[in-house]
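# Understanding the architecture of this molecule
Spelled out from the first residue to the last, the chains are:
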There are 2 protein chains.
Amino acid sequence: MKSLLPIFVVAFLVGTIAIPISRPPVSAAPKASVETLKQLEDEFMKAAAEKGSKGYLSYYADDAVEIPNGGPVIAGKVNIAPGMGFLDDPNNRLTWTPLGGDISGDLGYTYGTFEFRSKDKDGKPHVDYGKYASIWKLQKDGSWKVVLDMGNAAPAPKS
Amino acid sequence: MKSLLPIFVVAFLVGTIAIPISRPPVSAAPKASVETLKQLEDEFMKAAAEKGSKGYLSYYADDAVEIPNGGPVIAGKVNIAPGMGFLDDPNNRLTWTPLGGDISGDLGYTYGTFEFRSKDKDGKPHVDYGKYASIWKLQKDGSWKVVLDMGNAAPAPKS
């Protein structure tokens, strides 16, 4: 690989000289904002819808903590995973809407409402309404991952 | 006040020169850590026990968000306050134990378990077990305040 280094250097220099306007320097790269987290929440939700629990958990840090309503605190993605199997049932669909959040340093959070659509024992559609807060942390690889997720119950929206 | 400025400057210089070891420069002041937040949680709990809802809410930022189990999201300390009146009833006692947390930049969080001791309609002692997550934010005055608090139900501990 060492022998390729000069080529990369030349390519980098040519790149930065040739397109200085369309390619801003790294130091001017946009910092993560609450909008970054809301966009991530959107991708996160799509991953859960398309790939079930595996997609959902790909947004969790390995040392994430889950705080489910009615159950004990669950520490570690490997221990959270078994409880997320319900996302693999095509009758179930979890969607959520962030209402707000904040970000500073390597930490951020979002909170909002969720809807969990499933079928009851008679096969009739059923909706559970809830609220959530997710805490996000910047990982060593530059990605933001959920380090804490908590949910509780919400009243059904007034129709 | 302007005329006093040179005196302050001399006093500052004498102070920093005379006791360089016992008084570290501001830049070396200890940064807030998770331990800072856990210590704050302890003071927070004492304030609630001694001063009820007023003590409890003194640890909330004006723009705090409460996410209570079973109810809607409540935004703003002024809107959260009426729901905290139960802390003014001497029969009620809310205690909590942080299990973990993190801090970065101007944001931090703690999570853990809580116990809410009250009396039922027959006057018998009753305990509700729950879990919580609190998000803390550094305020302009240098204090850390709760900007989001969320609770849900926990199973009773195994005896």
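Since the model is a prediction, treat every value here as computed from it, not as a measurement.

## With respect to the overall build of chain A
Helices and strands together make up the secondary structure of chain A, namely three helices and six strands. Mapped from its N terminus to its C terminus, chain A presents α and β elements in the order α-α-β-β-α-β-β-β-β. Looking at the 159 residues of chain A, the share that counts as buried comes to 24%. A separation threshold of at least 6 residues defines the contact pool for chain A, and within that pool the share at least 24 residues apart is 48%.

## Description of the environment of B:Ser104
Checked against the element boundaries, B:Ser104 lands in strand S3 (residues 93–104). Residue classification places B:Ser104 among the partly exposed positions, given that 16 C-beta atoms sit within 10 Å. Note: C-alpha distance between B:Ser104 and B:Ala32 (72 residues apart in sequence) is 8.9 Å. Dropping the residues within four chain positions of it, B:Ser104 is found in contact with A:Ser104, A:Gly105, A:Asp106 and A:Leu107.

## Structural notes on the interface of chain B and chain A
In many reports, interface size means the accessible area that the parts give up when they come together. Opposite the 27 residues of chain B that make contact, chain A presents 27 residues. Those elements that provide at least two residues to the side of chain B that touches chain A are strand S1 (60–67), S3, strand S4 (107–119), strand S5 (125–138) and strand S6 (144–153) of chain B. The leading source of residues in the side of chain B that touches chain A is S6(B), at five residues.

## Notes on the confidence of the model for chain A
All names here are of chain A. Across chain A, pLDDT averages 87, with 81% of residues at or above 70. Per-residue pLDDT stays below 50 along residues 1–29; that stretch engages in three contacts with residues further than four places along the chain or on separate chains. As a predicted assembly, this complex carries a pTM of 0.81 together with an ipTM value of 0.81.

## What about the relation of the copies chain B and chain A?
For the pair chain B and chain A, the best superposition has an RMSD of 0.0 Å and corresponds to a rotation of 180° with a translation of 0.0 Å parallel to the axis. The symmetry that links the two subunits is that of a two-fold axis. Considering only C-alpha atoms, the residue of chain B closest to the rotation axis is B:Gly105, which sits at 2.1 Å.

## Some remarks on the environment of A:Asn79
Residue and element names in this part refer to chain A. Take Asn 79: it is sitting in helix H3 (residues 77–80). You can call Asn 79 exposed: it has 12 C-beta atoms within 10 Å. Measuring from C-alpha to C-alpha, the distance between Asn 79 and Ala 64 comes to 9.6 Å, with 15 residues separating the pair along the chain.

## Describing the pairing of strand S6 (residues 144–153) of chain A
Residue and element names in this part refer to chain A. The element S6 is largely enclosed, with a buried count of seven among its ten residues. One ladder, built from four bridges, connects strand S1 (residues 60–67) with S6; its direction is parallel. Note on S6: the bridge partner recorded for Glu 66 is Asp 149. Relative to S6, strand S5 (residues 125–138) runs antiparallel, the two being bridged by nine bridges. Within the sheet, the bridge partner assigned to Leu 138 lies in S6 and is Trp 144. Where S5 hands over to S6, the hairpin turn is made up of five residues, of which Gly 142 adopts a positive phi near 90°.

## Brief notes about the sheet that holds strand S4 (residues 107–119) of chain A
Residue and element names in this part refer to chain A. Read from one edge of the open sheet, six strands run S2-S1-S6-S5-S4-S3, paired in mixed fashion. The outermost strands of the open sheet, each flanked by one partner alone, are strand S2 (74–75) and strand S3 (93–104). Pairing of S3 with S4, which is carried by eleven bridges, proceeds in the antiparallel orientation. Bridge assignment links Trp 96 to a residue of S4, and that residue is Phe 114. Packed onto the sheet, helix H2 (residues 34–57) meets S1, S3, S4, S5 and S6 and runs at close to 150° relative to S3.

## Overview of the sheet that holds S6(B)
Strand pairing in a sheet relies on backbone hydrogen bonds, with the paired strands running either antiparallel or parallel. All names here are of chain B. A sheet is described by the order of its strands in space; here six strands give the open sequence S2-S1-S6-S5-S4-S3, paired in mixed fashion. The strands lining the two open edges of the sheet, one partner per strand, are strand S2 (74–75) and S3. Inspection of the sheet shows S1 paired to S2 by two bridges, in the antiparallel sense. Of the residues in S2, the one forming a bridge with Val 65 is Ala 75. Relative to the sheet, helix H2 (residues 34–57) contacts S1, S3, S4, S5 and S6, its axis offset from that of S3 by approximately 150°.

## Description of the environment of B:Ala81
All names here are of chain B. One can find Ala 81 in the loop between helix H3 (77–80) and S3. The spacing of Ala 81 and Tyr 56 is 25 residues in sequence and 9.5 Å in space, taken between C-alpha atoms. Ignoring anything within four residues of it in the chain, the contact list for Ala 81 reads Ser 53 and Leu 57.

## Remarks on the pairing of S5(A)
Residues and elements named next belong to chain A. Where S4 and S5 come together, 13 bridges link them in antiparallel fashion. Considered in S5, the bridge of Ser 118 is made with His 126. Between S4 and S5, which pair antiparallel and follow one another directly, the connecting turn spans five residues, one of which, Gly 123, has a positive phi of 85°.

What counts and how
Residues numbered from 1 in each chain as written. Chains lettered and ligands numbered in written order. Predicted model: local features only at pLDDT ≥ 70, side-chain atom pairs only at ≥ 80, totals over all residues. Helix = DSSP H or I, 4+ residues; strand = E, 2+ residues; numbered from the N terminus. Buried ≥ 20, exposed ≤ 12 C-beta atoms within 10 Å, placed from the backbone. Contact = placed C-beta atoms within 7 Å. pLDDT = per-residue confidence, 0-100. Least-squares fit on C-alpha atoms with pLDDT ≥ 70 in both. Pairing = 2+ DSSP bridges. Axes fitted to C-alpha atoms, helices over the stretch in contact; angles between N-to-C directions.

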